[in-house]
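# A structural walkthrough
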Amino acid sequence: MEPVDRRTFLSDMAALSAATAVAPGALLHAGAHPTTGENAQGTAWERTPCHLCGVGCGLLVAIEHGRAGAVKGDPGSPVGKGLACAKGYYSVQSLYGRDRVTRAMIRRDRGLVEVSIGEALDLVARRLRETMERHGKDSVALYGSAQWTIPDAYVASKLFKGGLGTNNVETSARLHAASAIAGLESTFGLDGAIGCYEDIDHADVFVLWDINLAETDPVLFSRMLDRRRTDRAVRIVDLATRTTRTSYAADRSLLHTPHSALAIANAICQEIVAREWVDREFVDRYVAFKLGKTDIGHGLANDALVVDDATSVSWDDYVAFLATYTPERAQQRSGLSADAIRWLASLYGDRSRKVMSVWGANANQHTRGTWMNNVLYNIHLLVGKVASPGNGPLCLTGQPNGGSAVEDAGTSTHKLPRGGVQSEGDRRRASAIWGVPVERISSRPTHTAISMFRALERGDIRFLWIQATDPMVSLPNLTRYRGAAARADRFLVVSAAYPTSTTDVADVVLPTAMWIEREGIFGNVERRAQHFDQLVAPPGDAMSDAWQMIEVGRRLGLSALFPWDRRNYVGQIWAEYRRFHDHPRSALPPLSDLRARPGVMWPYVDGRETKWRYNAAHDPAADRARGAFHFYGHSDGRAWIWLRPHEPPAESPDREYPFWLTTGGVLEHSGTGSLTRRIPTLHRAVPRAYLEINRDDANQLGIRNHETVRIVSRRGSLEIEARIDYRSRPPKGQVFIPSFDEQVPVGKLLLDAFCPLSGQPAITTCAVRVERASARSGT
């Protein structure tokens, strides 16, 4: 066959799916059909969660002539309550980009060449087997995605950990959710959110910790605005590093410097203690105090995660620790005034107010991301505002399975389904359910995400299968890892729906069925499992990620592990996966209940979902004999307040690189943009990434609006359009670049440091300088 021309892989996005383009707002009306314009009132609407963010908004999709058409919010969904954001309303168009990968491809001398799906799967199995024979079982690895369904993730864990005997399994969830999970596990003993979105309907105060909800999670933000509309006493506080659309809608916006939020949070705790706003009855009965390791580095010198200590300390020790975090000292570190910090503390300390704290990437993607999560929980534990309606610390992690759902299926190196590889009991349970020798399941964690690509660079990993993610855009220090992936003695398999920067370096490309082209189950950040049916046929030879792995597993002689029928394997996998969750603390609903409802929250016991964990009035796993709360994740039945100090970041601005660069999302795009940039309306709205710069900084540098500038870090440089007073306004000394554009990959600039406790990389900030591109060329 003729090789596939690279130009067909990166076609003009503005022209993609022109036949299905619609005017803004056209999909807001239930009767509008985006492809024919016909009235769709008589069309059957099929229920599905959205696949473009981690909130899990419920959608209704109209199917006509085998094609997904109109979309509207599902009024029966407890998540969106009939609302959807721009990405949700246009979501079905992500299925129909004209450069869709529909056939398998193998790299020949002249590039990627289309082949039969059988030939490609044969090659994947053969190279996987040969690599293990030559270099050992830990020379092969799988890097999956928070876009996976739960069945995809479960099959990945079973194939690599139960079948091949290696723990080299990681996902992009490590980039989005690892610190959130580590924070929950260290504070409460278990992962999974404490409360739920219903907290929004009860809260009196929302404190948004550096999260631009108006763009990243607009449906939840709309629910907060609606809550304020119905009760004028409700307040929304935006605590951020730049002024955003969220800032304009908030009652008060407070700016601080990057990497200073942990000092602010500790200062809030100090003020709560000093003002005697602590709920002593709650703390004495339900809380313990712990001191962990300090000076733990930034993941640059050592790939291995730090195993934390949990030394018991007293209330007096904690008070003494907080003495160095007065509001005045926090002001020196953060630039946020001491008065503002005291005011924030008063909101938490006011016993008449119910408070929600909400945070996301900017708190988690941080070399002290786990600590940041711990200290935010500390605030709520001190005042007893946790695990009850309206009192909810909530971390949003940005992907359909971006909470703990993917990891809980066993797709982090240290995890098994509902367990850990280092626990003999958990290995024996997996051995019994999977029907494999317990000795085959390794007790040794191998590589977290960044470590996995460093191992690929060293040659410790020779075969890497990447599914449903685009690490050649999303990773930090991108030039380093792209070079590793492109080496001739490495073999890369990429399962993808569209050509990406990662398929560019692939030896085999497998066509993937997306979203409603296959049956699946997502788990959102409030512990809500949501089932969706296959509604349309996948194009060409595309198949689900799970079925690709099953086909390869069978070719490797592991058919006994995958005795499932392609027509109903999701139900069979779910039934097996539920066997791991046979305890009230993590029980999952049967598939029949998932099919009947627009999502069910786990733990699910006797037909009842759990909205507020550890609260004896709401959680059947909580022991009422222990009182109103039972934090059963820890053996002592208590939640843990950690003494976590503020420590300097891995990199800060200096004379050579004087600006903070921050990154993040925008309303129209998701992740690396591989799907949303193929939605014509969204692409036209924001076709390229840009650099936002403060007007005073621009004037000082002689930079004009829309001028091309060069931004430089210690790792690389980009040329990009400068925007002044655009969607957001960075303060002096900061610039912002959104992360959705593979043609302007901000990862080239970022440092590959990570939180040593969670492995989550710090991919939202670094130090840079900004130059006029014209000045460099001498014009």
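Structure report, in brief. All of these numbers come straight from a predicted model, not from anything done at the bench. (Residues numbered from 1 in each chain as written. Predicted model: local features only at pLDDT ≥ 70, side-chain atom pairs only at ≥ 80, totals over all residues. Heavy atoms only, no water.)

## Quick notes on the packing of helix α12 (residues 327–334) against helix α13 (residues 338–349)
Viewed as axis vectors pointing N to C, α12 and α13 meet at an angle of 120°, and their least axial separation amounts to 8 Å. Classified by the angle their axes make, α12 and α13 are oblique. As for the relative orientation of α12 and α13, their crossing is right-handed in sense. Residues Pro-327, Glu-328, Ala-330 and Gln-331 of α12 lie in contact with α13, whose contacting residues are Ala-338, Ile-341 and Arg-342. Of the residues belonging to the contact of α12 with α13, the class tally is four nonpolar, one polar and two charged. (Axes fitted to C-alpha atoms, helices over the stretch in contact; angles between N-to-C directions. Helix = DSSP H or I, 4+ residues; strand = E, 2+ residues; numbered from the N terminus. Parallel < 35°, antiparallel > 145°, perpendicular 65-115°, else oblique. Left-handed = near helix turned anticlockwise from the far one by under 90°. Contact = heavy atoms within 4.5 Å. Nonpolar A, V, L, I, M, F, W, Y, C, P; charged D, E, K, R; others polar.)

## A closer look at the packing of aromatic side chains
Applying the stated criterion across every chain, the model contains 30 aromatic pairs. Relative to Tyr-377, the ring of Trp-359 lies with its centre 5.5 Å away and its plane at 70°, an arrangement referred to as edge-to-face. In this pair, Trp-359 sits in strand β13 (residues 355–359) while Tyr-377 sits in helix α15 (residues 369–382), placing the two residues 18 residues apart along the sequence. What makes Trp-359 buried here is its relative accessible area of 0%. A ring pair is formed by Phe-453 and Tyr-481, whose centres lie 6.4 Å apart and whose planes are at 65°; its orientation type is edge-to-face. Of this pair, Phe-453 sits in helix α18 (residues 449–458) while Tyr-481 sits in helix α20 (residues 478–485), and the two are 28 residues apart along the sequence. Here Phe-453 and Tyr-481 have matching classes, each one buried. The lysine or arginine in question, Arg-67, covers the ring of Tyr-96, its NZ or CZ lying 3.8 Å from the ring centre. A cation sits over an aromatic face here: Arg-100 above Tyr-498, 5.8 Å from the ring centre. (Phe/Tyr/Trp six-rings, centres within 6.5 Å; stacked < 30°, edge-to-face > 60°. Buried < 20%, exposed > 50% of the residue type's maximum accessible area, 1.4 Å probe, protein only. Lys NZ or Arg CZ within 6 Å of the ring centre and 35° of its normal.)

## Some details on the pairing of strand β6 (residues 140–144)
The buried count for β6 comes to five of five residues, which makes it a mostly enclosed element. On β6, burial covers both faces: Val-140, Leu-142 and Gly-144 on one face and Ala-141 and Tyr-143 on the other are all buried. Direction of pairing for β6 relative to strand β17 (residues 463–467): parallel, over a ladder of four bridges. Paired with Val-140 across the strands is Phe-463, a residue of β17. (Pairing = 2+ DSSP bridges.)

## Some points on the sheet that holds strand β1 (residues 45–49)
Across the sheet, three strands lie side by side as β1-β2-β3; this open sheet has antiparallel pairing. Of all the strands in the sheet, just β1 and β3 (67–73) have a single pairing partner and so form its edges. Between one strand and the next, the sheet's axes are offset by a mean angle of 35°, whatever the strand orientation.

## Structural notes on unusual backbone geometry
Cis rather than trans, the peptide bond between Trp-602 and Pro-603 has omega equal to -5°. Tracing the backbone through its elements, the reader meets Pro-603 in the loop between β22 (600–601) and β23 (604–605). Phi is positive for Lys-81, close to 55°, though the residue is something other than glycine. Mapped onto the secondary structure, Lys-81 falls in the loop between β3 and α1 (86–89). Of the residues examined, Lys-81 reaches a relative accessible area of 46% and is grouped as partly exposed.

## So, the sheet that holds strand β30 (residues 734–738)
Pairing between the strands of a sheet comes from backbone hydrogen bonds, and it takes one of two forms, parallel or antiparallel. Sheet architecture is closed into a barrel: six strands sit in the order β26-β30-β27-β29-β28-β31, paired in mixed fashion. Recorded for the sheet is a direction-independent mean angle of 45° between the axes of neighbouring strands. Across four bridges, strand β28 (residues 708–712) lies against strand β31 (residues 765–772) in antiparallel orientation. Bridging from a neighbouring strand, Val-712 pairs with Arg-769 of β31.

## A few points about the pattern of salt bridges
Under the defined criterion, the tally for this structure stands at 63 salt bridges. With a closest N to O distance of 2.9 Å, Glu-651 and Arg-715 form a salt bridge. You can see Glu-651 sitting in the loop between β25 (639–643) and β26 (659–664) and its partner Arg-715 sitting in the loop between β28 and β29 (717–723), a full 64 residues away along the chain. Glu-651 gets classed as buried once you look at its relative accessible area, which sits at 11%. Overall, the relative accessible area of 17% leaves Arg-715 in the buried class. Through salt bridges with shared partners, a single ionic network connects Asp-303, Arg-454, Glu-457, Arg-458, Asp-460, Arg-480 and Asp-752. (Salt bridge = Lys/Arg side-chain N within 4 Å of Asp/Glu carboxyl O.)

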